[in-house]
Amino acid sequence: MYRFISDDLTGTVLTATAPDPRALEALFSFWAEAGVEMCYADSPVDRTLPPPRPTPPKLNLVATTPLPGLQAGPDPVLALAEARQRAAEATDLESLKSAIEAFRGCPLRDLGARQVVFGRGNPKGRILAIGEAPGVDEDLQGLPFVGRSGQLLDRMLKAAGIFDETFITNTVYWSPPGNRQPTQAEQLVLSPFVEKTIRLIQPRAILLIGGMAAKGLLGKDEGILKLRGQWFDWAGETPGPTIKALPTLHPAFLLRQSASKKLAWEDLLKLSETLIDP
Ligand code: URA
């Protein structure tokens, strides 16, 4: 039997009765060096064909009552209902993490991520920092903000004297493929878990790290450069107090634009002032 292996990047087409392991190894290292981290499908996709017509969205469907024993399917309304139910049942951060691990309703989970990345830091801290999404380093270690931008974040929190007061999490718990930003739909279906994290920690203030975190939690459409440094009220949909939320610049942005570190520093000082008791 003949096997054909075609490589879009190099144009190579290997034909053999059985794949030559050295040729395969060379091809895979080429892909790895080019930054290709994962393979999405076993069969080839004909990208010359027009894209399939999108299915029209379902309108006016609001899931208000979680169904007992509900299994999330591809339907985002059912998935959101399941997320709400699982989050409501969690009694502490550990059971919340297990609830996220058991949740199959977020498509991100099946796009190549290795594990759930939930949180790190002081669960009794008075600040909850919420970033956008785990990246490659976080996916490997299972902890948020452990790569280069996380190291910068830690240094800044330490310099502002609030590192020991902070618990860090993200708006989504699986690393999106190709290091892309999480979509609003992915953030929405996981929002009950984020909200439960806030309810369990009961922070005095929330630090929203980056535009996607600010958008996900506050529903604001303005860019992060407009939102940063201003206090907003986060209310959530479950009973509980309103909490002050402060958007700031993402450390990945600061690594590229170091002149903006000054602005992020001002935000952290503002945040640290909330810990001073009147
Ligand atoms: N960027 C984020 O927003 N979160 C992480 O955990 C890592 C990088």
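The rules behind the values
Residues numbered from 1 in each chain as written. Predicted model: local features only at pLDDT ≥ 70, side-chain atom pairs only at ≥ 80, totals over all residues. Heavy atoms only, no water. Helix = DSSP H or I, 4+ residues; strand = E, 2+ residues; numbered from the N terminus. Buried < 20%, exposed > 50% of the residue type's maximum accessible area, 1.4 Å probe, protein only. Contact = heavy atoms within 4.5 Å. Areas by Shrake-Rupley, 256 points an atom, 1.4 Å probe, with all protein chains shown as cover. Pairing = 2+ DSSP bridges. Axes fitted to C-alpha atoms, helices over the stretch in contact; angles between N-to-C directions. Parallel < 35°, antiparallel > 145°, perpendicular 65-115°, else oblique. Left-handed = near helix turned anticlockwise from the far one by under 90°. Salt bridge = Lys/Arg side-chain N within 4 Å of Asp/Glu carboxyl O. Phe/Tyr/Trp six-rings, centres within 6.5 Å; stacked < 30°, edge-to-face > 60°. Lys NZ or Arg CZ within 6 Å of the ring centre and 35° of its normal. pLDDT = per-residue confidence, 0-100. Near = heavy atom within 4 Å. Polar contact = N/O pair within 3.5 Å; in protein donor to acceptor, adjacent residues only side chain to side chain. Nonpolar A, V, L, I, M, F, W, Y, C, P; charged D, E, K, R; others polar.

Draft legend 1. Up close: the overall build of the chain. Counting its secondary structure elements, the chain contains 10 helices and eight strands. Looking at the 278 residues of the chain, the share that counts as buried comes to 42%. Sequence separation of 24 or more characterises 67% of the internal contacts of the chain that already satisfy a separation of 6 or more. Of the roughly 16,100 Å² of accessible surface on the chain, a fraction of 55% belongs to carbon and sulfur atoms.

Draft legend 2. How the structure looks around the pairing of strand E4 (residues 127–131). Burial within E4 is extensive, with five of its five residues counted as buried. The alternating pattern of E4 places Ile-127, Ala-129 and Gly-131 and Leu-128 and Ile-130 on opposite faces, both of which are buried. Inspection of the sheet shows E4 paired to strand E5 (residues 166–170) by five bridges, in the parallel sense. Paired with Ala-129 across the strands is Ile-168, a residue of E5. Sheet topology places E4 next to strand E6 (residues 205–209); four bridges connect them, and they run parallel. Following the sheet pairing, Ile-127 is matched in E6 by Ala-205.

Draft legend 3. Just the packing of helix H5 (residues 148–159) against helix H10 (residues 261–273), in detail. At a minimum axis separation of 10 Å, H5 and H10 run at an interaxial angle of 50 degrees. Our classification of the angle between H5 and H10 gives oblique. As for how H5 packs across H10, the hand of that crossing is right-handed. The segment H5 lies against H10, with Leu-152, Met-156, Leu-157 and Ala-159 engaging Lys-261, Ala-264, Trp-265 and Leu-268.

Draft legend 4. Just unusual backbone geometry, in detail. Its identity is not glycine, yet Phe-145 carries a phi of approximately 50 degrees, on the positive side. Take Phe-145: it is sitting in the loop between helix H4 (136–141) and H5. Even without a glycine there, the phi angle at Gln-202 is positive, about 50 degrees. Tracing the sequence through the fold places Gln-202 in the loop between helix H6 (184–201) and E6.

Draft legend 5. Representation of the pattern of salt bridges in the model. Scanning the entire structure with this criterion turns up 13 salt bridges. Between Asp-154 and Arg-120 there is a salt bridge, and its shortest N-O distance comes to 2.8 Å. Separated by 34 residues along the polypeptide, Asp-154 in helix H5 and Arg-120 in strand E3 (residues 120–121) bring together distant segments of the chain. Per residue, the accessibility class of Asp-154 equals that of Arg-120, and both read buried. Among the charged side chains, a network of salt bridges with common partners joins Arg-228, Lys-262, Glu-266 and Asp-267.

Draft legend 6. Quick peek at the packing of aromatic side chains. By the definition in use, this model includes three aromatic pairs. Ring centres 5.9 Å apart and planes at 50 degrees place the aromatic pair Phe-118 and Tyr-173 in the tilted group. Taken as a pair, Phe-118 in the loop between helix H3 (93–102) and E3 and Tyr-173 in the loop between E5 and H6 lie far apart in primary sequence, 55 residues in all. Comparing Phe-118 with Tyr-173 shows no difference in burial state: the two are buried. One cation-aromatic arrangement involves Lys-158 over Phe-163; the distance from NZ or CZ to the ring centre is 4.6 Å.

Draft legend 7. The confidence of the model for the chain, seen in detail. Scored by pLDDT, the chain has a mean of 86; 78% of the residues are at 70 or more. Across residues 1–16, confidence stays below pLDDT 50; counting only partners more than four residues off in sequence or on other chains, it has 30 contacts. Low pLDDT (under 50) marks residues 56–73, which in the prediction has 18 contacts with non-local residues, meaning those over four places away or in another chain.

Draft legend 8. A look at the pairing of E5. For E5, the buried fraction is high: five of the five residues fall into the buried class. By the alternation rule, side chains of E5 split into Thr-166, Ile-168 and Asn-170 and Phe-167 and Thr-169, which are all buried.

Draft legend 9. The arrangement of the site of the ligand in detail. Taken together, Gly-131, Glu-132, Ala-133, Pro-134, Glu-138, Pro-144, Phe-145, Ser-149, Asn-170 and His-250 make up all the residues around the ligand. Backbone polar atom of Glu-132 to an oxygen atom of the ligand: 2.8 Å apart, as the coordinates give it. Contacts to the ligand include His-250, whose side-chain N or O atom sits 2.8 Å from an oxygen atom. The fraction of the free accessible surface of the ligand (240 Å²) that becomes covered by protein chains is 92%. Here the shell around the ligand is built from residues that sort into four nonpolar, four polar and two charged.

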